[in-house]
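Residue-level listing of the chains:
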Amino acid sequence: MTIQRTSAQEDHTNPSNSNNNNSKNSKSGRWLWFWVGMSGIAMVSATAGALLAVSLTSTPLMQASLSPQEAAVFDSDRISGQGLRFSQLTRPVNILVMGMSVLPPDTQNAPAETKNLKYLPQVNSFDGLADVMLLIKFDPEKKKLVMLSVPRDTRTEIEGYGIKKINAANTHGGPALTAKTVSNLLDGVGIDRYIRINVLGVGKLIDALGGVTVYVPKDMKYQDDSQHLYINLKAGKQHLNGNQALQLLRFRHDENGDIGRIQRQQMVMRALMDQSLNPTTLAQLPKVLDVVKEHIDTNLTVEELLALVGYGARTNRSNMQMLMVPGRFSEKNEFDASYWLPNRDRIAAMMAENFDVNAPHEQQSTDPGSLRIAIQDSTGGDRSKMRPLIRSLEKAGYRNIYVSKPWGEPLEVTHIVAQQGDGNSAESIRNSLGFGEVRVESTGNLASDVTIQLGKDWLQERNPVEVSPQR
């Protein structure tokens, strides 16, 4: 406002100077926009040119050979624009992402240099188990990005091979059978494309993006000489390089096993998105692809890949949601192996709300009394100080409330985590509390529907929280 008033005063006292200045400003403005336009064209041209230089084929990063029947599993309709709109996403699209951890025994033709070693190294192949599995929905219509983690130990039917852990689908039938198995598990959701990335490529990818700053939730130490896997991380916020990030992503030797690992994967993915999905990263995409191209297999075209990255860079972080297939751990003697047992009813609700699969015309609101609400404190306070909060929530109609183990990362702002993907219920709790921010992700207490991770904003409340009753 001060600048505007000063300019107005100068215009009033010096009319002749005003005309000269306006003329100069007009010319300089035109030159400014000219150079901005030329820079934009140059950046897009350089990016497109470098991308096309990766390969002259339409799917330069595709390393699998799919039969016509296997290719038909994926939707072949175009997902990006044409002409000048080549980098724009034109419709909602579901991408199946698999992180491959492959050892020499998993492959028919293991590299010769691995045969005489006294340990089993990771090899650059896509033939093994899918160590990580994500279904990602890019939705330009709703301006959302939804990531659904599928636990590798999920017990399900693999067509032609019976009931197995879902990560085995890739070993039996590659990306097509894996996509079909995931679709069957998730109420018939359509899958448009796939991406497989080898674990060796994940480390290179993170290095190419400049590393990642993330909070390591606890000290992690593990040693497996048979694979030369050595994990040694200290708790706390730190900047990790590719190898260190892999240690965090691969650690699964605690009480939550693979499910705890999925939670840490979501933390790393959110951190990577926060620091990397921006126009600068888009310009660096050719360099990143050149670093990791030998470790990636996908049926995405260059134009489609560019459209997906561009959409991600433009998506508001509050519209990025991270879910996990709902279920429970199998009991000790329930089966011959340990499984994650999917909950069919909750899968149906989650797919209807977030992937528009068999969605009813009207979403039924959840009864507050039936919600399981966990409270995790990140401030180091006494549990007794949570009693006013619990009483206020109960007064508002929430009946199933319990205090879980503290959240390790100190939070400035309270996180209200929609653990099972029920963002509406989490938003209702936030509105009742009057503080905090809603996060649709699976980083809270596993047994909860909504987890309240208390931050410093809760401590700033001078009086006990008064929660308005639900209507």
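See the structure above.
Just so we're clear, the structure is a prediction, and the values are computed from it rather than from any experiment.

1. Quick look at the pattern of salt bridges
- All chains considered together, the criterion is met by 25 salt bridges.
- With a shortest N-O distance of 2.9 Å, arginine 261 and aspartate 131 are connected by a salt bridge. Residue arginine 261 is located in helix α7 (residues 257-276), and its partner aspartate 131 is located in strand β2 (residues 129-139); the two are separated by 130 residues in the primary sequence. Judged on exposure class, the residue arginine 261 and its partner aspartate 131 are both buried.
- For glutamate 159, the salt bridge goes to lysine 180, with nearest N and O atoms at 3.5 Å. Residue glutamate 159 is located in the loop between β4 (155-158) and β5 (162-165), and its partner lysine 180 is located in helix α4 (residues 169-185); the two are separated by 21 residues in the primary sequence.
- Overall, the relative accessible area of 46% leaves glutamate 159 in the partly exposed class.
- Relative accessible area serves as the criterion here: at 30%, lysine 180 is assigned to the partly exposed category.
- Among the charged side chains, a network of salt bridges with common partners joins Asp131, Arg152, Asp153, Lys165, Arg252, Asp258 and Arg261.

2. So, the sheet that holds strand β18 (residues 437-439)
- Read from one edge of the open sheet, five strands run β16-β15-β19-β17-β18, paired in mixed fashion. Only two strands of the sheet have a single neighbouring strand rather than two, namely β16 (400-403) and β18. Going across the sheet, the axis of each strand differs from the next one's by a mean of 20°, ignoring polarity.
- The pairing of strand β17 (residues 415-418) with strand β19 (residues 450-454) spans four bridges and is classified as antiparallel.

3. Here we look at empty space enclosed by the protein
- In this structure the tally under the stated criterion is five cavities of 30 Å³ or more.
- When its volume is computed, the largest cavity comes out at roughly 1200 Å³.
- Lining the largest cavity are 45 residues, and of these Val97, Ile136, Ile197, Leu205 and Leu272 lie nearest its centre.
- For the lining of the largest cavity, the leading source of residues is α7, giving seven residues.
- In terms of residue class, the lining of the largest cavity is made up of 35 nonpolar, seven polar and three charged.
- Of the pockets and cavities examined, the second largest cavity occupies roughly 70 Å³.
- Lining the second largest cavity, in full, are Met324, Val325, Pro326, Gly327, Trp340, Gln419, Gln420, Ser442 and Leu446.
- Grouping the amino acids of the lining of the second largest cavity by side-chain chemistry returns five nonpolar, four polar and no charged.

4. A short note on the side chain of aspartate 457
- Here aspartate 457 lies in helix α13 (residues 456-459).
- For aspartate 457, which is buried and forms no salt bridge, the nearest opposite charge comes from arginine 430, at a distance of 7.5 Å.
- Excluding anything up to four places from it in sequence, aspartate 457 contacts Glu412, Val413, Thr414, Phe435 and Gly436.

5. Section: helix α12 (residues 423-433)
- When α12 is considered as a whole, its buried residues turn out to be Gly423, Ser425, Ala426, Ile429, Ser432 and Leu433.
- Along its buried surface, α12 packs onto α10 (344-355), β15 (372-377), α11 (387-395), β17, β18 and β19.
- In the stretch just after α12, glycine 434 is the one whose phi turns positive, near 85°.

Definitions and cut-offs
- Residues numbered from 1 in each chain as written.
- Predicted model: local features only at pLDDT ≥ 70, side-chain atom pairs only at ≥ 80, totals over all residues.
- Heavy atoms only, no water.
- Salt bridge = Lys/Arg side-chain N within 4 Å of Asp/Glu carboxyl O.
- Helix = DSSP H or I, 4+ residues; strand = E, 2+ residues; numbered from the N terminus.
- Buried < 20%, exposed > 50% of the residue type's maximum accessible area, 1.4 Å probe, protein only.
- Pairing = 2+ DSSP bridges.
- Axes fitted to C-alpha atoms, helices over the stretch in contact; angles between N-to-C directions.
- 1 Å grid on protein atoms, 1.4 Å probe; cavity = no way out; pocket = protein on both sides within 12 Å on 5 of 7 lines; lining within 4 Å.
- Points joined across faces, edges and corners; volume = space filled by probe spheres on them.
- Nonpolar A, V, L, I, M, F, W, Y, C, P; charged D, E, K, R; others polar.
- Lys, Arg positive; Asp, Glu negative; His and termini not counted.
- Contact = heavy atoms within 4.5 Å.

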